[in-house]
Every structure is written in C-alpha cells, then in structure tokens.
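One-letter residues, chain by chain:
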Amino acid sequence: MNLIISNASKMPIYEQIVGQLRGKIASGELRAGDVLPSIRALAKDLRISVITTKRAYDELEHQGLIVTVAGKGCFVAERNPEWVREDALRQIEEHMRQIARLAGEIGIGGDALAEMFTTLMEEDGK
Amino acid sequence: MKGLLLKDLYAMRRSLPVFLLLIVVFAAPGGGGASFILFYAIVIPINLISIDERDRFDGLLMALPAHGAALVASKYILSYGYMCVTLLVAAARGALSQSLLPGAQQTYWANIGVSLALALAMEAVILPILYRFGMERGRPLCVLAILVAAALLGALSGLTSEIPPAPALVPAALAVGALLNAASMPLSARLYERRMTA
Amino acid sequence: MTEYAIEARGLEKRYGDFALQGVDLALPQGCVLGLVGENGAGKSTLIRMILGACRPDGGTVTTLGVPAGRSAAFARAREEIGVVLDDACLPQNLTAAQLGRAMAGVFARWDEKAYRAFLNRFGVPEGQRVSQLSRGTRMKLALAVAMSHGARLLVLDEATGGLDPIVREEMLDVFNDFTREETHSVLLSSHIVTDLEKICDYVVFLHEGRVLLSEEKDALDERYALLPLDEASLSRLASERPGAILRTLRAHGQLRALALRDKLPPDAPAERAGIEDIMLLLTKGEEWQ
C-alpha cells in the first residue's frame, strides 16, 4: 500500500494517514474486505510511530471505514465507495453550512468567501 | 564462565607462546628451576586485569548474563593452569633426573612444593589488591608483595641449604596456600563488583 | 494492561555534585524510546541502573519484568537484553570471530549464524582484531553481538554518536526492523536528536538529572510550536492569550518563542518545533514575563 507521509506538512501524521486511506477507499483502490497492513507493519514501513499509526486506525474505525477483527487484523469495512464519498460530501456540506451562517452573521458575501477559500487552497498547495 | 575464560585466552593469545617458552627454558633440565618460574604465574592475571581495564571490559560485562565473579574466577583459573603446566614440566624433569641419577630427589620436590605454596599465597594476596585499587594504584602495592615473597623465599632457601625442608612441612604449606586462594577468589569478586557498581 | 520492557520510578542517585532526581521512565513493549539530553545530563547513569550495573539510592527499576540488580534472576534477564555502549567496550585483542566464540560461551541462546549474517551485512571483517577497526565498524560489531542472542530489548547508549550518516541510517534500519516484533523494544540514548526524531515512539528528555519532558514523540508536534515573531507581536499575543508562550530565546539576533499550540489563535504563524528546538528553548530559554 502506497502512503506518503510528509514530516514538513502542518497536518498531523495520523490525519495524513486517515485522509489518504479514506481517499483510497473512496476511489475504490481499496475495496470492502481488503486486508490492511497491521498497525506495526505499517508503522515500520512508513517509519513512523506505532502509537500514531494506532491512532489513525482507531480514527478510521471510529468513522466506520475499517473494522478490526481480533486475531485477524484490520479490514476495509463493508461499505461501498459511494457511501464514503457521500459521507465526505455530507461532512463538507455541514461545514459549509456553518461557514455560511458565520459569514452571514458578520455580513460577508459569497464572493468574498470564495476568494478566501481560493487563497487558502493555494496556500496549502492544492 | 566458559565464554569469559575463552575471551581471556584469546586476549593473551600472543603472549601465550612466550609463557610456554619460559616454562620450558626454566623448568627443563639445565634451566633456572621450576621454583623460579612458578612465581611467574602471577603475571598472567596481572596482564589480564590490565587488559580488562584498557578494554573497559566492566562496561561490556553489564551487558552480559555473567557476574563479575566469573570474570575474576577466570583470572585465577588461568594462572592455576599455568602452574599445572609448570608442575608437569617439572615432574617430567624430576622423573628424568631420577632415572639418570637415582637418589635423593626429595629436596627438588620439597623446593617445588614450597615454591608452589608461596606462589599460591602471593596470588591470593595480590589479586584482591588489584581488584580493590585498580591497576594504577594497586601496582606499587603488588611490587611490595612480590619483594616480601622474594625475601621469604630467599630466607627459606638459606635455611634449606643447611637443613632440607621437612617433607611434612610441604603439604602444610600447600594447604595454607590453597586455603588462602579459597578465600581470595570470593574476596576479589566482591571487591570487583563493589568497584563496578559504585 | 500494558506491559513494560522498562519501568523506572522515582530513581535517585548521587555522585558528588551530580544527582539524578526522581526519574520516572516507562517503555511499553514493542516501542522505541529515545532518551535525550546533553552530555552529563545523567543518561548513562540511568542506563547503568536499568541494566542493574549501578544501584540507585532510591526508587525502583524493573527491566523485562525483573528488578534490575545483581540477582541471579536479573542475570538471566540479561540473556534477553542486547546492549551497545558508547565506545563499544569490546576486547581489543580479539577478532570478530573470536568474540563470537567467546559470546557463545556467555549467552545461552547465542545464534552464531545470525551473528555471521550481521557481520556480513554490516561489512565487519571477521579476522581483524577489534583494535584495528574504525569506530563505526566497532559499533556495528557491538550491534551484531547485541542482535545475535535472542534479545527482546535493545539498549543503546550513544551508539550512533560520531558515526557517519550512512552508518547511522543503517543502524536505525536495524532498530526499525527489530521492533516489527511486538515484544521487541528499544531504548536509545543520544544527544543527536535527529536520529531519535526518525525512529522513536516516545521521547524522554533528561536535563541536569531530572526528567524535563516525557511524551509521545508525535504528540510533541501537536503540543508545541515555534513562533517567529518580534517582541511587539509576541507581547500582543501574550496579553491576548495568557500562558500561550512558554519560553523565548534570542540567538544570532533572532528571537524565537516556544508556544503551546492549543492556546494559540488559529491564524498565528505557528511553525513546527523539532525536538531540538524544544530542548533548546526549555533549557536555555527565558520564561515569558
């Protein structure tokens, strides 16, 4: 499995793992029932802390994206990729609603918001 | 234990032939005498202790499932080994003299016996000193011990030239030497461990 | 229940005017713990206590489940501890092959094949005496010994110091692979923080005989941040967010501030604080007034 961890990134390492795995599940690269590397193996392959890797898996499990079977390992949960995409979209929508509400409260219009967002995306290099 | 003995043997491998040569030269017929060369046994543990100090072997020892006692015991055992080889060569020489010149070999054996007892006693005294004070501070004390031993030997040989040492005296002297060693080894081990764990 | 490879509580040791005070350290099984601190901070003394080679004046230390000390039980526990020390302390007159034969007589579970394989992998000549080897090769030889007797715990005291980056990287690889096994743990002391940064799960920072910091390594990133701000901006920030700024240090004409990330406003120009920065600011920095 190909994950790329950046130490220079501002994003915590466990969030990088969570994000990339979510992406792989959403894109269908990882399918329901696929076995994931063990926490220890992944940590050692990526040369990152075991604790951090465990935290990422815990988070993924909490989000219902993976399941841990005692004694067998971790698997991609029985959810189709569309569900993962939709779930992400739902989360985005929710955040946007909050943004719209806050912006409305202080009178920032949609164009200004869009501009702010573009700037932020550029800063993050996306 | 076995491993540490092997380590000590390897550590002095290059000087080992010299020791054997000395034994043969001195203890063989025409040599200076087994009595003299017996005292050289002490050089082996002294060499090994200074090698251990140079290598800072106590550092490695704390990584091994072995106690300081084993490291100390190895020094005693190797010098006993040296004494045994010396005695064997001396015995061969004694047997040869006996066959060539049947007669009184008692003085020869008594001398060797007394020397062995003295060499043992010297070892029993010197090693705890070295383990207590370390090589640097212990060395002058050892020289003193050796001088005392030499003086004793001189006095004894002065005596024996007039009266051969009573054969009964030899086993007693050997018993004393053995007893001293039995006490010396655990004492050295304790002193070494104490210095190590300070 | 977490099992600990090493568990030290309230360790005290006094040597003249140096003192180790109330040192706690816990290394969960399967993890790598980095012990950081400048020379003389007490790292080696702590390690000697962990290995049972030095009796603490107070407190307890349990290594692989056995109280560290001179007991026969602990001597057996040492079968499973691989140790590499500062300057290797290997017998100079021996060759690597002879050392292997001697170690076979010391360790009950000596694995000669594994030893030869490590010598080969590390490029340590078998027939040359230790005294003829370079420092790097000596350390690799010591590591080969430490890895060849079925150890579950590796203890390395300044083992990577003074080695070139390639050799260091090689050694870190070995530690990384070693801890693929869940029951294998590593305690690594160093004053070269970048090595620890690469490989550790936990970091314990010893300073003047005390534990100044004991933390999951990645949590450090989340807790601390550097602020590249001038004095005026710092004051403004400090009055807005009391307690956010921990220490400041002026070095090479530049002011650096160590701050607690969760107390900073989201738009603060927080930069990632490396272990080295954190160490430096915690020990040499001034408290923000």
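Calculation rules
- Residues numbered from 1 in each chain as written.
- Chains lettered and ligands numbered in written order.
- Predicted model: local features only at pLDDT ≥ 70, side-chain atom pairs only at ≥ 80, totals over all residues.
- Heavy atoms only, no water.
- Helix = DSSP H or I, 4+ residues; strand = E, 2+ residues; numbered from the N terminus.
- Rg over C-alpha atoms; globule rule 2.2 N^0.38 Å.
- Buried < 20%, exposed > 50% of the residue type's maximum accessible area, 1.4 Å probe, protein only.
- Contact = heavy atoms within 4.5 Å.
- Areas by Shrake-Rupley, 256 points an atom, 1.4 Å probe, with all protein chains shown as cover.
- Buried area = accessible area lost by both parts, 1.4 Å probe.
- Salt bridge = Lys/Arg side-chain N within 4 Å of Asp/Glu carboxyl O.
- Polar contact = N/O pair within 3.5 Å; in protein donor to acceptor, adjacent residues only side chain to side chain.
- Nonpolar A, V, L, I, M, F, W, Y, C, P; charged D, E, K, R; others polar.
- Arc of directions from axis to C-beta.
- Domains from an automatic or database assignment.
- Pairing = 2+ DSSP bridges.
- Axes fitted to C-alpha atoms, helices over the stretch in contact; angles between N-to-C directions.

Moving on, we come to the overall build of chain A. In terms of regular secondary structure, chain A is built from five helices and three strands. In terms of overall dimensions, chain A is more spread out than a globule: its C-alpha atoms have a radius of gyration of 17 Å, far above the 14 Å expected for 126 residues. Overall, chain A is about 55 × 30 × 20 Å in size when its C-alpha atoms are taken along their principal axes. A buried classification covers 28% of the 126 residues belonging to chain A. Here the analysis covers contacts within chain A between residues at least 6 apart in sequence; of these, 47% occur between residues at least 24 apart. Element-wise, carbon and sulfur atoms account for 55% of the exposed surface of chain A, whose accessible area totals about 8,200 Å².

Contact residues are listed per partner, giving 29 residues for chain B and 31 residues for chain C. For the pairing of chain B and chain C, the buried interface totals around 2,700 Å² over both sides, and the portion due to carbon and sulfur atoms is 58%. For chain B, the biggest contributors to the area lost against chain C are Tyr10, Met62 and Pro65 of chain B; these three give 27% of the whole. Summed over the shared surface of chain B and chain C, the number is one salt bridge. Here Glu193 of chain B makes a salt bridge to Arg70 of chain C, at a shortest N to O gap of 2.7 Å. Taken together, the connections running from chain B to chain C amount to nine residue pairs in polar contact (both at pLDDT 80 or more). For the side of chain B that touches chain C, the elements supplying multiple residues, two or more each, are α1 (2-11), α4 (43-55), α5 (57-61) and α8 (169-197) of chain B. With seven residues, the top contributor of residues to the side of chain B that touches chain C is α1 of chain B. Taken together, the residues that form the side of chain B that touches chain C break down as 16 nonpolar, five polar and eight charged.

Our focus in this paragraph is the interface of chain C and chain A. With 20 residues of chain C at the interface, the matching set in chain A holds 15 residues. Of all residues in chain C, Arg180, Asp218 and Glu222 of chain C give up the largest surface area on contact with chain A, accounting jointly for 34% of the area buried on that side. At the junction of chain C and chain A, the tally comes to four salt bridges. Salt-bridge contacts for Arg180 of chain C lead to Asp45 of chain A; the nearest nitrogen and oxygen are separated by 2.8 Å.

A separate point is α1 of chain B. Of the residues making up α1 of chain B, those classed as buried are Gly3, Leu4, Lys7, Asp8, Tyr10 and Ala11 of chain B. When α1 of chain B is viewed along its axis, its buried side chains cluster within an angular range of 165° and face the same direction.

Residue and element names in this part refer to chain A. Partitioning chain A into structural domains gives domain 1 (13-76) and domain 2 (81-123). On a C-alpha basis, the centres of domain 1 and domain 2 stand 27 Å from each other. Opposite the six residues of domain 1 that make contact, domain 2 presents four residues. Between domain 1 and domain 2, the buried area comes to about 430 Å², and carbon and sulfur atoms account for 74% of it. For the pair domain 1 and domain 2, the interface holds zero salt bridges. At the boundary of domain 1 and domain 2, one finds zero residue pairs in polar contact (both at pLDDT 80 or more).

A word on the arrangement of the chains. A comparison of contact numbers over the two pairs of chains in contact places chains B and C at the top. A gap remains between chain A and chain B, which never touch, and the nearest two C-alpha atoms on either side lie 27 Å apart.

The subject of this paragraph is the sheet that holds strand β10 (residues 210-216) of chain C. Residues and elements named next belong to chain C. Read from one edge to the other, the open sheet built from six strands follows the order β6-β7-β8-β3-β9-β10, with strand pairing classed as mixed. If you trace the sheet from one side to the other, it starts and ends with β6 (81-84) and β10, each paired once. Each strand axis lies, on average, 15° off the axis of its neighbour in the sheet, ignoring direction. Across the sheet, helix α5 (residues 135-146) lies against β6 and β7 (153-157), angled at about 175° from β6, the strand it touches most.

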